[in-house]
Amino acid sequence: MVHSMMDDVERVLISTEELKQRIADMGKQISQDYAGKEILMIGVLRGAVIFMADLARAIDIPVAIDFMAVSSYGAGTSSSGVVRILKDLDETVEGKHILVVEDIIDSGLTLNYLLDNIKSRKPASLRMCTLLNKPERRKVNVHIDYNGFTIPDHFVVGYGLDYAEKYRNLPFIGILKPAVYEP
Ligand code: XMP
Ligand code: MG
């Protein structure tokens, strides 16, 4: 038998249909809030890519896109708060309406660093948008302007989120079977 990614999934937390519906609503809200303006969306690589692609198409005002890649020092699946920029923006930020797009806010440390960093480049406005929010593990207070779903403290994959670079292409948010993490 051919191994399918689905065999590794314990359960679906957020279905494809739920994602589609929620992202359509977020797009409408963002379009209203920024009516008459243009947005520069900054996606945080790599997890935000799939969400950002769908969100951008749910927005009906002009959207430019750019990306940043950051890495947090420290081991395992939790961030240390020390963030290093691996890939900086290609676009300038000054005077633009910036919307940072994240896959998930966990400790909040990555976002906290990113927002401070972008703020120092003098945008006209700065807001953030995340597909998922895991408030139970928050270490610093961050203001979330647009939140897709608040989820309990599970490690989730799919729709951009990975485990060891796998499962990003699952079309839903899911939880893996414990056996997947065993060596
Ligand atoms: P913070 O700094 O908020 O970091 O702790 C958020 C980043 O941590 C990763 N992360 C996850 N990745 N499933 C994942 O695939 C998860 O459940 C998860 N929780 C946190 C992710 O890269 C996010 O940008
Ligand atoms: Mg990330």
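To be clear, the structure that these remarks concern was listed above.
Residues numbered from 1 in each chain as written. Chains lettered and ligands numbered in written order. Predicted model: local features only at pLDDT ≥ 70, side-chain atom pairs only at ≥ 80, totals over all residues. Heavy atoms only, no water.

A. Focus on the site of ligand 1. Neighbouring residues of ligand 1: 16 residues in total, closest Ser 107, Gly 108, Thr 110, Val 156 and Asp 162. Residue Asp 103 places a side-chain N or O atom 2.9 Å away from an oxygen atom belonging to ligand 1. Between ligand 1 and Thr 110, the relevant distance is 2.5 Å, taken from an oxygen atom to a side-chain nitrogen or oxygen of the residue. In the complex, the protein chains occlude 86% of the 510 Å² of accessible area that ligand 1 would expose alone. Elements with a minimum of two residues in the shell around ligand 1: β5 (97–105) and α3 (109–119). Ranked by residue count, the leading element in the shell around ligand 1 is β5, at four residues. Looking at the shell around ligand 1 residue by residue, the classes come out as six nonpolar, five polar and five charged. (Near = heavy atom within 4 Å. Polar contact = N/O pair within 3.5 Å; in protein donor to acceptor, adjacent residues only side chain to side chain. Areas by Shrake-Rupley, 256 points an atom, 1.4 Å probe, with all protein chains shown as cover. Helix = DSSP H or I, 4+ residues; strand = E, 2+ residues; numbered from the N terminus. Nonpolar A, V, L, I, M, F, W, Y, C, P; charged D, E, K, R; others polar.)

B. Representation of the packing of aromatic side chains within the structure. Applying the stated criterion across every chain yields a total of three aromatic pairs. The interplanar angle of 80 degrees and the centroid separation of 6.4 Å between the aromatic rings of Phe 155 and Tyr 163 together place this pair among those described as edge-to-face. Both rings, one in Phe 155 and one in Tyr 181, keep their centres 6.4 Å apart while their planes meet at 80 degrees; by these two values the pair is edge-to-face. Here Phe 155 is found in the loop between β7 (146–150) and β8 (156–157), whereas its partner Tyr 181 is found in helix α4 (residues 178–181), with 26 residues between them in sequence. Its relative accessible area of 33% is what places Phe 155 among the partly exposed residues. Site record: aromatic cluster; members linked through ring pairs are Phe 155, Tyr 163 and Tyr 181. Over the ring of Tyr 34 we find Arg 127, and its NZ or CZ is 5.2 Å from the ring centre. (Phe/Tyr/Trp six-rings, centres within 6.5 Å; stacked < 30°, edge-to-face > 60°. Buried < 20%, exposed > 50% of the residue type's maximum accessible area, 1.4 Å probe, protein only. Lys NZ or Arg CZ within 6 Å of the ring centre and 35° of its normal.)

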